[in-house]
Amino acid sequence: MNSFIAVVLVCASAIPTESCTDDKAIEVRKVRVANELGCSSGWQEIIARTDLREEIGRTTYLKTECRRVKQPG
């Protein structure tokens, strides 16, 4: 059975969206979720608990990704 990793990247506004990757992000948050729907919810709370929340939309933006993780079998 597959599970997913929800990834939230916080990138500087100067970085184009397609270039916003794990290695170029200011901060990367990852959490295991049960399904793809889980990737689209909950990240707001994760970011709201960080010091970066004040800069979202000003000097930074968020990019979310959903990555499939295969379970050993």
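Before reading on, note that the structure itself is shown above.
The written sequence of each chain sets the order in which its residues are numbered from 1. Side-chain atom pairs in this predicted model are given and counted only at pLDDT of 80 or more, local residue features only at pLDDT of at least 70, and totals for whole chains, interfaces and linings cover all residues. The side-chain numbers reported here are obtained from all heavy atoms of the structure, hydrogens and water having been left aside.

**Describing the pairing of strand E1 (residues 2–12)**
Quick note on the threshold: Three exposure classes are used, based on accessible area relative to the maximum for each residue type with a 1.4 Å probe and protein chains only: buried under 20%, partly exposed in between, and exposed over 50%. Counting from the N terminus, the helices are DSSP H or I runs at least four residues long and the strands are E runs at least two residues long. Strands pair, by our definition, only if DSSP identifies at least two bridges between them.
Buried residues dominate E1, accounting for 9 of its 11 residues. Of the pairings in the sheet, the one linking E1 to strand E3 (residues 60–70) comprises 11 bridges and is antiparallel in character. Across the sheet, residue Ile5 finds its bridge partner in E3, namely Arg67. Here E1 runs beside strand E2 (residues 27–33); their pairing, made up of 7 bridges, is antiparallel. Within E2, the position partnered with Phe4 by the bridge is Val33.

**A short note on the sheet that holds E2**
Whenever strands of a sheet pair, they do so through backbone hydrogen bonds, lying parallel or antiparallel. Put simply, the test is: Angles run from 0 to 180 degrees between N-to-C directions of axes, and those axes are lines fitted to C-alpha atoms, restricted for helices to the stretch in contact.
Taken together, 3 strands build an open sheet; the order of strands is E2-E1-E3 and the sheet is antiparallel. Strand pairing shows two members of the sheet lacking a second neighbour, E2 and E3, which therefore form its edges. Strand-to-strand twist across the sheet, computed as the mean angle between neighbouring axes with direction ignored, equals 20°.

**Concerning the state of the cysteines**
The condition is simple: Any pair of cysteine sulfurs within 2.5 Å is marked as a disulfide.
For the coordinates displayed, the defined rule picks out 2 disulfides. One disulfide bridge connects Cys11 with Cys20, the sulfur atoms lying 1.8 Å from each other. On the sign convention where negative means left-handed, the S-S torsion of about 75° between Cys11 and Cys20 marks this disulfide as right-handed. Here the bonded cysteines of the protein are numbered in sequence order, and their pairing is 1-2, 3-4.

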